[in-house]
Amino acid sequence: MKVESINGGKSYLKHFSSESIAKQVNEGLLVATTDYSRISEVEAILICVPTPLNEYREPDLSFVLDTAESLAPYLPKGVLVTLESTTYPGTTEDELRIVLEEGSGMKAGVDFHLAYSPEREDPGREDASVKTIPKVVGGYTQECCDLAANLYSQGIDVIHRVSSCRVAEATKLLENIFRSVNIALVNELKVVYEAMNIDVHEVISAAATKPFGFMAFRPGPGLGGHCIPIDPFYLTWKAREFEKHTRFIELAGEINTAMPDYVISVVTDALNDLGKAVKGSRILILGLAYKANVDDCRESPSFVLMKKLLEKGSEVDYNDPFVPAIPDTREFSDLAGKKSVVIDQTYDLILLSTDHEEYRNFDFSDFSCQVVDTRNCIKHKPRSYFKA
Ligand SMILES: NC(=O)c1ccc[n+]([C@@H]2O[C@H](COP(=O)([O-])OP(=O)(O)OC[C@H]3O[C@@H](n4cnc5c(N)ncnc54)[C@H](O)[C@@H]3O)[C@@H](O)[C@H]2O)c1
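A quick note: this is a predicted structure, and the numbers were derived from the prediction, not measured.

Here we take up the sheet that holds strand β6 (residues 282-286). Strand order in the open sheet formed by five strands is β7-β6-β8-β9-β10, with parallel pairing between adjacent strands. Two strands close off the open sheet at either side, each with one partner strand: β7 (315-319) and β10 (385-387). Along the sheet, successive strands turn relative to each other by an average axial angle of 20°, direction set aside. Sitting on the sheet, helix α10 (residues 301-311) touches β6, β7 and β8 (349-352), and the angle it makes with β6 is about 175°.

Our focus in this paragraph is the packing of aromatic side chains. Applying the stated rule across the entire model yields seven aromatic pairs. Considering the side-chain rings of F362 and F367, the 5.8 Å spacing of their centres and the 90° angle between planes classify their relative orientation as edge-to-face. Seen from their ring centres, F364 and F367 are 5.3 Å apart, and the 75° between their planes marks the pair as edge-to-face. A relative accessible area of 0% places F364 in the buried class. Aromatic rings pair up to connect Y88, Y234 and W237 into one cluster. The ring of F233 carries the charged tip of R57 above its face, separated from the ring centre by 5.3 Å. The side chain of K135 reaches across the aromatic face of Y152, ending 4.7 Å from its centre.

What follows covers the environment of L271. Note on placement: L271 falls in helix α9 (residues 247-273). On a C-alpha basis, the gap between L271 and F332 in space is 26 Å, while along the polypeptide they are 61 residues apart. Apart from the residues lying within four places of it in its own chain, the contact partners of L271 are K276, A277, V278, S281, I283, D348 and L349.

For the rest of this paragraph, the subject is helix α8 (residues 232-241). Along α8, the residues that are buried comprise P232, F233, Y234, T236, K238 and A239. Taken together, the buried residues of α8 touch α6 (165-195) and α9. Looking at the residues trailing α8, positive phi occurs at E243, about 55°.

What follows is about the site of the ligand. Around the ligand there are 18 residues in total, and K2, T51, T86, E119 and H226 lie nearest to it. Within the side chain of K2, a nitrogen or oxygen atom sits 3.0 Å from an oxygen atom of the ligand. Within the side chain of T67, one N or O atom sits 3.3 Å away from a nitrogen atom of the ligand. Each residue belonging to the shell around the ligand can be placed in one class, and the counts come to eight nonpolar, five polar and five charged.

Okay, unusual backbone geometry next. One non-glycine residue, N293, adopts positive backbone phi at about 60°. Looking at the secondary structure, you find N293 in the loop between β6 and α10. N293 gets classed as partly exposed once you look at its relative accessible area, which sits at 28%. Positive phi, normally seen in glycine, also occurs at N376, with a value near 50°. Here N376 lies in the loop between β9 (370-373) and β10.

Turning our attention to helix α3 (residues 62-71). Looking at α3, one finds that the buried residues are V64, T67, A68 and L71. One side of α3 carries all its buried residues, which in axial view fall inside an arc of 100°.

Turning next to the packing of α8 against α9. The contact between α8 and α9 brings their axes to 9 Å, and the two run at 135°. With respect to α9, the element α8 is oriented oblique. As for how α8 packs across α9, the hand of that crossing is left-handed. Contact residues: P232, F233, L235 and T236 in α8; I249, E250 and G253 in α9. Of the residues that constitute the contact of α8 with α9, the class distribution is four nonpolar, two polar and one charged.

Read across the open sheet, the five strands follow the order β1-β2-β3-β4-β5; overall the sheet is mixed. Single-partner strands in this sheet number two, and they are β1 (44-47) and β5 (159-162). Strand-to-strand twist of the sheet, defined as the mean angle between neighbouring strand axes without regard to direction, takes the value 25°. Sheet topology places β1 next to strand β2 (residues 80-83); four bridges connect them, and they run parallel. Residue pairing across strands places I47 opposite L83, the latter belonging to β2.

With that settled, the discussion passes to the nonpolar core. Residues I45, L75, V81, L96, L100 and F112 are the most contacted members of the largest nonpolar core, which totals 32 residues. Looking at this core, the elements with two or more residues in it are β1, α3, β2, α4 (91-104), β3 (113-116), α6 and α8. In this structure, F112 is in contact with L75, G78, V79, V81, L100, E101, S104, M106 and K107, ignoring residues within four places of it in sequence.

Let us now look at the pattern of salt bridges. Considering all chains together, one arrives at 24 salt bridges under this definition. We note a salt bridge from K291 to D122, for which the minimum N-O separation is 2.3 Å. With K291 in the loop between β6 and α10 and D122 in the loop between β3 and β4 (135-139), the pair connects residues that are 169 residues apart, well separated along the chain. The salt bridge partner of D317 is K338, with a shortest N-O separation of 3.6 Å. Here D317, found in strand β7, pairs with K338, found in the loop between β7 and β8; they are 21 residues apart in sequence, far enough to count as distant. Look at K338 and you get partly exposed, because its relative accessible area is 27%. A cluster of three or more residues bridged by salt bridges with shared partners is formed by D122, R125, D127 and K291.

Conventions adopted
Residues numbered from 1 in each chain as written. Predicted model: local features only at pLDDT ≥ 70, side-chain atom pairs only at ≥ 80, totals over all residues. Heavy atoms only, no water. Pairing = 2+ DSSP bridges. Helix = DSSP H or I, 4+ residues; strand = E, 2+ residues; numbered from the N terminus. Axes fitted to C-alpha atoms, helices over the stretch in contact; angles between N-to-C directions. Contact = heavy atoms within 4.5 Å. Phe/Tyr/Trp six-rings, centres within 6.5 Å; stacked < 30°, edge-to-face > 60°. Buried < 20%, exposed > 50% of the residue type's maximum accessible area, 1.4 Å probe, protein only. Lys NZ or Arg CZ within 6 Å of the ring centre and 35° of its normal. Near = heavy atom within 4 Å. Polar contact = N/O pair within 3.5 Å; in protein donor to acceptor, adjacent residues only side chain to side chain. Nonpolar A, V, L, I, M, F, W, Y, C, P; charged D, E, K, R; others polar. Arc of directions from axis to C-beta. Parallel < 35°, antiparallel > 145°, perpendicular 65-115°, else oblique. Left-handed = near helix turned anticlockwise from the far one by under 90°. Core = buried A, V, L, I, M, F, W, Y, C linked by side-chain atoms within 4.5 Å. Salt bridge = Lys/Arg side-chain N within 4 Å of Asp/Glu carboxyl O.

Honestly, that's just the spatial picture; any functional story needs more than this.
Put into structure tokens, the structure is as follows:
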């Protein structure tokens, strides 16, 4: 499906325009294929396949290693292979290299070149693009690093070279762990300050006026997306091999994972005010995507909220202008196919989970049902408004 779409000049990703894909296809600059034998025609290969966790929350490198196994027999001499998937230090040099060498009969750093350069995409962001986001590059040898830096510099303004693939892999993990830990911190403060009747959002905005030494992170209903909730645990797993513990990562994971339960407790209190129970109440969740104004709902906390409410016996609908129907996901396959409904006030409670622009500006002022806002984003508040 993706191959036909690209070759037909159509984008299947919201943040890439079909015009730009069509232009490149028409000019002969872009072609998609699943035929690995065409690897023999190229000078560089960038591997950007998924790196999820398995059911035991251990790294699942099968996508990376299976891809390497498939392409190795076709590797031309002198080719550059760069891994971009997020992973633990050592993957490129100790695991990917071995599969490529065994499958091709060639030696990395001698017959072909090997590097690691993490993806730094942030879909939906308008103040940065692939061109303007600096690219970190580490090579298996100095020549590998030079070649990779040269390749990326064709389209990216700033290339930052590091001394090895391991350092580049560790850099990406630091970036994601930094976010996970800081989000956990504001999530914890949200619960503590709420008990003290202090608005954490007002506090964060005030702290953000400090021109140095502070960076604003915003609390929410839990962590979403396929990076921040997952990547830190790649390091946790690898650290065990060195008999080291990643306490910050574990604690942040624990706090962030507990956030949906906090939201459910606020929903329970809001319904209780009406003399109603969670069981039997009709609830509308606003936002399925894991963050504002995108259509990506991988690892979205909205699914966790939906699941918990259904388990407690609520009738649950959702609205999301970017997600017309729930896609099939590994964890929530039983919800697949459920369709987005219109927003109205026939529900007992509306639970805002994602801060899409549309919800920020939606006029709830006439709504008589309970409204729980996990993002503190509703401008036109209803009569019965709860922060969670
Ligand atoms: N998407 C982002 O914003 C982002 C940002 C930073 C880092 N990353 C990292 O990049 C990697 C890929 O993430 P993604 O969001 O692009 O994942 P994705 O699930 O969208 O998959 C990327 C592509 O890999 C293809 N694919 C899956 N299995 C394959 C296989 N066995 N052989 C060949 N192709 C295969 C998929 O069809 C898809 O087109 C992950 O390690 C992720 O952590 C992603």
